[in-house]
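Summary of the model geometry
Each chain, letter by letter, is given below.
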Amino acid sequence: SLFLITSSQAGDIQDLEIEGISVGDSLLDFFSEAEINEMYLVTYPKSKKYIKLGFRENNKFDDYEHLTFHVEENDKSYVIHTIDGVIFFKNKLQKCMKKKKEVVKNLSSTLISIKPKEYDFKYKGELKGSIAYISDFKFNDGSSVRVWCVNWTASVEENKNFADSLSISMSPKYFFDWLNNEAYK
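Presented here is a report on the structure given in the accompanying data block. (Residues numbered from 1 in each chain as written. Predicted model: local features only at pLDDT ≥ 70, side-chain atom pairs only at ≥ 80, totals over all residues. Heavy atoms only, no water.)

1. A few points about the state of the cysteines
Counted by the stated rule, this structure contains one disulfide. One disulfide bridge connects Cys 96 with Cys 149, the sulfur atoms lying 2.2 Å from each other. A torsion of -105 degrees about the S-S bond marks the disulfide between Cys 96 and Cys 149 as left-handed. In this pair, Cys 96 is assigned in helix α2 (residues 93-110) and Cys 149 in strand β9 (residues 144-151), connecting sequence segments 53 residues apart. (Disulfide = S-S within 2.5 Å. Helix = DSSP H or I, 4+ residues; strand = E, 2+ residues; numbered from the N terminus.)

See below:
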């Protein structure tokens with residue numbers, strides 16, 4: 001099955017969908033207010049403009065085991081500013097990389113004018129030794145779709161209870177600007 005459902009030849013990040021949900025949609029179009037209130041909440045240390053919401057347990061989605069969304073903190077219409085989908089591949093990095101290749105190929109056939117930038121990210125600090133294998137699709141307006149597999153070290157998996165995973169993230173430029181300039185500074 002496809003992990004990222006897209007409209008034909010998407011020209012904007014809002015043309016893309018994960019589980020039928022797009023940036024700019026309202027969470028209320030997909031979930032009840034009670035379900036939204038049951039989502040876990042993540043805040044940022046220096047700015048409360050956006051919060052991250054997600055489900056701890058998932059039986060709602062077809063392709064993903066985990067979805068998260070960023071919304072503005074006091075927005076009662078819950079307009080979605082980012083979407084992240086995750087599929088876990090515990091100790092199965094090769095399967096993760098195979099699925100990543102499939103997703104990148106699908107995206108490349110839809111985002112014809114955008115070539116993915118391929119690179120590896122080596123974690124530091126307490127996650128040292130772990131590596132993310134990343135494909136970034138950058139739109140002209142600075143928005144991006146990122147697809148990556150993470151290979152956590154055995155000690156990180158044990159100490160943090162992390163599992164190797166495939167993630168797909170859709171974020172507009174204004175969110176990156178906030179994340180890089182306000183959320184942690």
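2. Quick look at the pattern of salt bridges
Side chains carrying opposite charge are able to pair once their charged atoms draw close together. Considering all chains together, one arrives at five salt bridges under this definition. Residue Glu 126 pairs with Lys 160 through a salt bridge whose shortest N-O separation is 3.0 Å. Within this pair, whereas Glu 126 is found in the loop between β7 (117-122) and β8 (131-138), its partner Lys 160 is found in helix α3 (residues 154-160), the two being separated by 34 residues in sequence. A residue is classified by how much of its surface remains accessible, and Lys 160, at 33% relative accessible area, is partly exposed. (Salt bridge = Lys/Arg side-chain N within 4 Å of Asp/Glu carboxyl O. Buried < 20%, exposed > 50% of the residue type's maximum accessible area, 1.4 Å probe, protein only.)

3. A look at unusual backbone geometry
Generally, phi is negative for residues other than glycine and the peptide bonds are trans, each holding for most cases. Positive phi outside glycine occurs at Glu 19, with the angle close to 55 degrees. Its place among the elements puts Glu 19 in the loop between β2 (16-17) and α1 (33-38). Backbone geometry places Asn 161, a non-glycine residue, at a positive phi of 60 degrees. Exposure remark for Asn 161: the relative accessible area of 67% places this residue in the exposed category.

4. Some words on the sheet that holds strand β10 (residues 165-171)
Strand pairing in a sheet relies on backbone hydrogen bonds, with the paired strands running either antiparallel or parallel. If you walk across this open sheet you meet the eight strands as β3-β4-β5-β6-β10-β9-β8-β7, and the pairing is antiparallel. Every interior strand has two partners, whereas the edge strands, β3 (40-42) and β7, have only one. The sheet shows a mean angle of 20 degrees between the axes of neighbouring strands, direction not considered. Here β7 runs beside β8; their pairing, made up of six bridges, is antiparallel. Within the sheet, the bridge partner assigned to Phe 121 lies in β8 and is Ala 132. Of the strands in this sheet, β7, β8, β9 and β10 touch α2, which is tilted by about 170 degrees from β9. (Pairing = 2+ DSSP bridges. Axes fitted to C-alpha atoms, helices over the stretch in contact; angles between N-to-C directions. Contact = heavy atoms within 4.5 Å.)

5. A few points about α2
With 18 residues, α2 should reach 26 Å at 1.5 Å per residue; the first-to-last C-alpha distance of 26 Å fits that figure. Those residues of α2 that sit buried are Leu 93, Cys 96, Lys 99, Lys 100, Val 103, Val 104, Asn 106, Leu 107 and Thr 110. All buried residues of α2 fall inside an arc of 160 degrees around its axis, so they share one side. Away from the buried face of α2 by more than 90 degrees, exposed residues Gln 94, Lys 95, Lys 98, Lys 101 and Lys 105 are located. (Expected span 1.5 Å × (residues − 1). Arc of directions from axis to C-beta.)

6. Points about the packing of aromatic side chains
A complete count under the given rule lists 12 aromatic pairs for this structure. With a centroid separation of 5.8 Å and an interplanar angle of 65 degrees, the aromatic rings of Phe 55 and Phe 61 are classed as edge-to-face. Phe 61 matches Phe 55 in its accessibility class, with the two residues each being buried. Linked through ring pairs, Tyr 44, Tyr 50, Phe 175, Trp 178 and Tyr 184 together constitute an aromatic cluster. (Phe/Tyr/Trp six-rings, centres within 6.5 Å; stacked < 30°, edge-to-face > 60°.)

7. Some remarks on the environment of Lys 52
Relative to the assigned elements, Lys 52 resides in strand β4 (residues 50-54). C-alpha separation for the pair Lys 52 and Lys 122, spaced 70 residues apart in sequence, amounts to 24 Å. Those residues in contact with Lys 52, other than ones at most four positions away along the chain, are Tyr 40, Leu 41, Val 42, Tyr 44, Thr 68, Phe 69 and His 70.

8. As for the pairing of β8
Sheet topology note: the β8/β9 ladder contains eight bridges and is antiparallel. In the strand pairing of β9, Lys 138 is matched with Ser 144. In textbook terms, the turn of a hairpin is the stretch between consecutive antiparallel strands, and for β8 and β9 this stretch comprises five residues, one of which, Gly 142, has a positive phi near 95 degrees.

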